[in-house]
Amino acid sequence: MLITGAASGIGRATAVATAKAGGQLVLTDINAAGLDETVADIRRDGGVVLVAQAFDITDYDAVTAFAEKVHDAHGSLDIVMNVAGTSAWGTVENLEHKHWRRMVDVNLMGPIHVIENFVPPMVRAGKGGSLVNVSSAAGLLALPWHAAYSASKYGIRGVSEVLRFDLDQHGISVHLVVPGAVDTPLVHSVELVGVDRESPKIQRLTQSFTKHAVSPEHVASSILRGVTRNRFLIYTSFDIRFGYWWARKFALPYEIVMRRASARFSRLLGAQNS
């Protein structure tokens, strides 16, 4: 099993849980030190890490070289998990081109690079398998300040929707993970463009967000259970499941709530800058 983003957060928790369940792992992350820690912890507990290498998944040539290394040594994989990601939130007048580019490069093109290199060998091997892509609640709902982030997360959702049917004939299941708030390092390091993170109002907003966040271990358990039960959409908390159902069932009320939420966030930004 390949897991990207294995140095921390959801990727690390999923790697640890999979190793405990007897899975043999191929791991990567851009954070070399964090990846080494994950590998050491897994091996100390008797888990098996076949290959671990740090590199940037936005680098297509690096992903290709890694895939060749893995396939030469171990053949095609059974499960591929695209977990690695990053985040930046902000209003369109504050977001810069670099923010849009970074979201798409890491959260969309990175997984596509992995899919390009690891899924065709699975198809050719004819043994079936699973592809897991981590999107977000921001890939389902129009959350305020999430335009750039949602561009990437809606994108990977679209890729997954199509591959769900394209790969079915090859016995490869596709799963889309849509977490809400998760207590990972990403939550605390997310870039809030045009916002003073030390502002009391922003601090209260952040604390409210993290208060309802689930643990990475909870998410990992949800992922493994969802794959086992062949669920396409894998929710990690009830609020997102309900919110997505509500948005589809009650389109007009959903639009009203989203407009009010966006206006509230705009007032928050205006009060901070006044």
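Right above here is the structure, for reference.
Residues numbered from 1 in each chain as written. Predicted model: local features only at pLDDT ≥ 70, side-chain atom pairs only at ≥ 80, totals over all residues. Heavy atoms only, no water.

> Kindly report on a nonpolar patch on the surface, identifying the contributing residues and their values.
On the surface, a cluster of nonpolar side chains totalling about 440 Å² of accessible area is made up of Phe 238, Phe 242, Trp 245 and Phe 250. Looking at the secondary structure, you find Phe 250 in the loop between α9 (238-249) and α10 (251-273). (Patch = residues over 30% accessible without salt bridge, like charges linked within 9 Å, V, L, I, M, F, W, Y side chains within 5 Å. Areas by Shrake-Rupley, 256 points an atom, 1.4 Å probe, with all protein chains shown as cover. Salt bridge = Lys/Arg side-chain N within 4 Å of Asp/Glu carboxyl O. Helix = DSSP H or I, 4+ residues; strand = E, 2+ residues; numbered from the N terminus.)

> So what's going on with the pattern of salt bridges? Residues and values would help.
Two side chains that carry opposite charge are able to pair once their charged atoms sit near each other. For the coordinates displayed, the defined rule picks out 3 salt bridges. Between Arg 12 and Asp 41 there is a salt bridge, with its nearest N and O atoms 2.4 Å apart. Here the residue Arg 12 occupies a position in helix α1 (residues 9-20), and Asp 41 occupies one in helix α2 (residues 32-44), the gap between them amounting to 29 residues. Look at Arg 12 and you get partly exposed, because its relative accessible area is 25%. A salt bridge links Asp 41 to Arg 44; the nearest nitrogen and oxygen atoms lie 2.9 Å apart. With a gap of 3 residues between them, Asp 41 and Arg 44 both fall in helix α2, about one helical turn apart. Residue Arg 44 is classed as exposed on the basis of its relative accessible area of 59%. One salt-bridge network, in which partners are shared between bridges, spans Arg 12, Asp 41 and Arg 44. (Buried < 20%, exposed > 50% of the residue type's maximum accessible area, 1.4 Å probe, protein only.)

> Which residues make up α2, and what values go with them?
In this model α2 runs 18 Å from its N-terminal to its C-terminal C-alpha over 13 residues, within 8% of the 18 Å that 1.5 Å per residue would give. Residues Gly 34, Leu 35, Thr 38, Val 39 and Ile 42 constitute the buried set of α2. Taken around the axis of α2, the buried residues stretch over an arc of 135°, which confines them to a single face. Relative to its buried face, α2 has exposed residues pointing more than 90 degrees away, namely Asp 36, Glu 37 and Arg 44. Here the buried face of α2 lies against α1, β2 (24-29) and β3 (48-54). Near the N-terminus of α2, the side chain that reaches the backbone nitrogen of Ala 33, with its oxygen 3.3 Å away, is that of Asn 31. (Expected span 1.5 Å × (residues − 1). Arc of directions from axis to C-beta. Contact = heavy atoms within 4.5 Å. Polar contact = N/O pair within 3.5 Å; in protein donor to acceptor, adjacent residues only side chain to side chain.)

> Which residues make up the packing of aromatic side chains, and what values do they have?
Tallying each qualifying case throughout the model produces 6 aromatic pairs. The interplanar angle of 35° and the centroid separation of 5.7 Å between the aromatic rings of Phe 242 and Trp 245 together place this pair among those described as tilted. With Phe 242 and Trp 245 both in helix α9 and 3 residues apart, this pair spans about one turn of that helix. On the basis of relative accessibility, which here comes to 40%, the residue Trp 245 falls in the partly exposed class. Between Trp 246 and Phe 250 the ring centres are 6.5 Å apart and the planes differ by 45°, which places this aromatic pair in the tilted class. For Trp 246, a relative accessible area of 23% corresponds to the partly exposed category. A relative accessible area of 35% places Phe 250 in the partly exposed class. (Phe/Tyr/Trp six-rings, centres within 6.5 Å; stacked < 30°, edge-to-face > 60°.)

> Any details on the sheet that holds strand β7 (residues 172-178)? Residues and values, ideally.
The strands making up a sheet associate through hydrogen bonds between their backbones, and the pairing can be parallel or antiparallel. With parallel pairing, the 7 strands of this open sheet are ordered in space as β3-β2-β1-β4-β6-β7-β9. Single-partner strands in this sheet number two, and they are β3 and β9 (233-235). Going from strand to strand, the sheet's axes swing by 15° on average, the running direction of each strand aside. As paired elements, strand β1 (residues 2-4) and strand β4 (residues 79-82) share 2 bridges and run parallel to each other. Across the sheet, the residue bridging to Ile 3 is Met 81, located in β4. Of the strands in this sheet, β1, β2 and β3 are in contact with helix α3 (residues 60-74), which crosses β3 at around 160°. Seen against the sheet, helix α4 (residues 97-125) touches β1, β4, β6 (129-134) and β7 and runs at an angle of roughly 175° to β4. (Pairing = 2+ DSSP bridges. Axes fitted to C-alpha atoms, helices over the stretch in contact; angles between N-to-C directions.)

> Which residues make up the pairing of β3, and what values do they have?
The pairing of β2 with β3 spans 6 bridges and is classified as parallel. Bridge pairing in β3 links Thr 28 to Gln 53. Of the crossover connections in this fold, the one passing from β2 over α2 to the parallel β3 is right-handed. (Right-handed = clockwise from strand over helix to strand, strands pointing away.)

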